[in-house]
Amino acid sequence: SAFLLALLPLVSVTWTSVAAGLQRFDAKFFSSSMHNIVGAGGGAVHALWGTLIVTGIATLISVPIGLLTAVFLSEYGGKSALARGITFFVDVMTGIPSIVAGLFAYSLMVMLFGPGTLIGFSGSLALSVLMIPVVVRSTEELLRIVPNELREASYALGVPKWRTILRIVIPTSLSGIVAGVILALARIIGETAPLMVSAGFTQSMNLNPFSGPMMTLPVFVYNEYAYPGIPPEAYNARAWAGALTLIVLVMVLNLIGRLIAKRFAPKSGR
């Protein structure tokens, strides 16, 4: 009964998104932008590409940093003061509001390139601040549950520690690490506030993350729903179609993560 009660909001949101989003979930929505569009028509191809680029760069930044940090904490840090300090700050980063990450990225771009700098790479930095602690915590826990017998057997054969980590520990927990990365991606792909502050708004296609504002799907949905024009029905339809696209993206990411996890899961038996 408790499970069904918790499932009701999810079913309600999914049903509403599908019912309202299918109205504009068509080829034109995924092949045109909002450049010079007033009223009906247009699409979100510029926001879709912006989301893929921004989250892709954020993943390239976050996964190596998160994985290396988790390896240090689980394999080298022990109970040292440095390891305790890193763990404390990772926990703090896990709980910071997303708007703070956006303000950090925007402030960094202002210091480097001057006031008013809104670029896609800034949005990637903001999302990486939110993604890194999730990757660190999930990966660290998975590395810690790898049986010590595997490490000891490798050491007994004269294999150095770094090679043991690279060839034994990480492959053993790889399926769980992939699942943690997918979870972190699902955590950031729908973030709106940090991208509004750092990546900005645009109605045109921009595939260069280092030049000019870059629209993303969460910001597109917010902009269409919060500032409707005439007729408002067209703007609401685009907003719901964007929300449905985000849901489909998260579902596809989870499916890919499950397939990768199954592919690299340790094989049981002889």
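Attention in this report is confined to the structure presented alongside it. Predicted model only: the values in this text are computed from it and were never measured.

Some details on helix α5 (residues 120–144)
So, point 1. The first and last C-alpha atoms of α5 sit 36 Å apart over 25 residues, in line with the 36 Å expected at 1.5 Å per residue.
So, point 2. The largest bend along α5 reaches roughly 30 degrees and is located at valine 129, with the proline proline 133 sitting one to four residues downstream.
So, point 3. Counted residue by residue, α5 has 20 buried out of 25 residues, so it is predominantly covered.

With respect to helix α7 (residues 161–172)
Three- or four-residue spacings in an α-helix give side chains the same orientation, since the helix completes a turn every 3.6 residues.
So, point 1. With 12 residues, α7 should cover 16 Å at 1.5 Å per step; its first-to-last C-alpha distance of 15 Å lies within 8% of that length.
So, point 2. Every buried residue of α7 is accounted for by Thr164, Ile165, Val169 and Ile170. On an axial view of α7, the arc spanned by its buried residues comes to 145 degrees, and they lie on one face.
So, point 3. The secondary structure elements touched by the buried residues of α7 are α2 (45–77), α5, α6 (148–156) and α8 (174–188).

Some points on a nonpolar patch on the surface
So, point 1. Residues Trp49, Leu52, Met205 and Leu207 make up a contiguous nonpolar surface patch of about 390 Å² in total accessible area.
So, point 2. Tracing the backbone shows leucine 52 in helix α2.
So, point 3. Owing to a relative accessible area of 41%, leucine 52 belongs among the partly exposed residues under this scheme.

Conventions used here
- Residues numbered from 1 in each chain as written.
- Predicted model: local features only at pLDDT ≥ 70, side-chain atom pairs only at ≥ 80, totals over all residues.
- Heavy atoms only, no water.
- Helix = DSSP H or I, 4+ residues; strand = E, 2+ residues; numbered from the N terminus.
- Expected span 1.5 Å × (residues − 1).
- Bend = angle between axes of the 7 residues up to and from the residue.
- Buried < 20%, exposed > 50% of the residue type's maximum accessible area, 1.4 Å probe, protein only.
- Arc of directions from axis to C-beta.
- Contact = heavy atoms within 4.5 Å.
- Patch = residues over 30% accessible without salt bridge, like charges linked within 9 Å, V, L, I, M, F, W, Y side chains within 5 Å.
- Areas by Shrake-Rupley, 256 points an atom, 1.4 Å probe, with all protein chains shown as cover.
- Salt bridge = Lys/Arg side-chain N within 4 Å of Asp/Glu carboxyl O.

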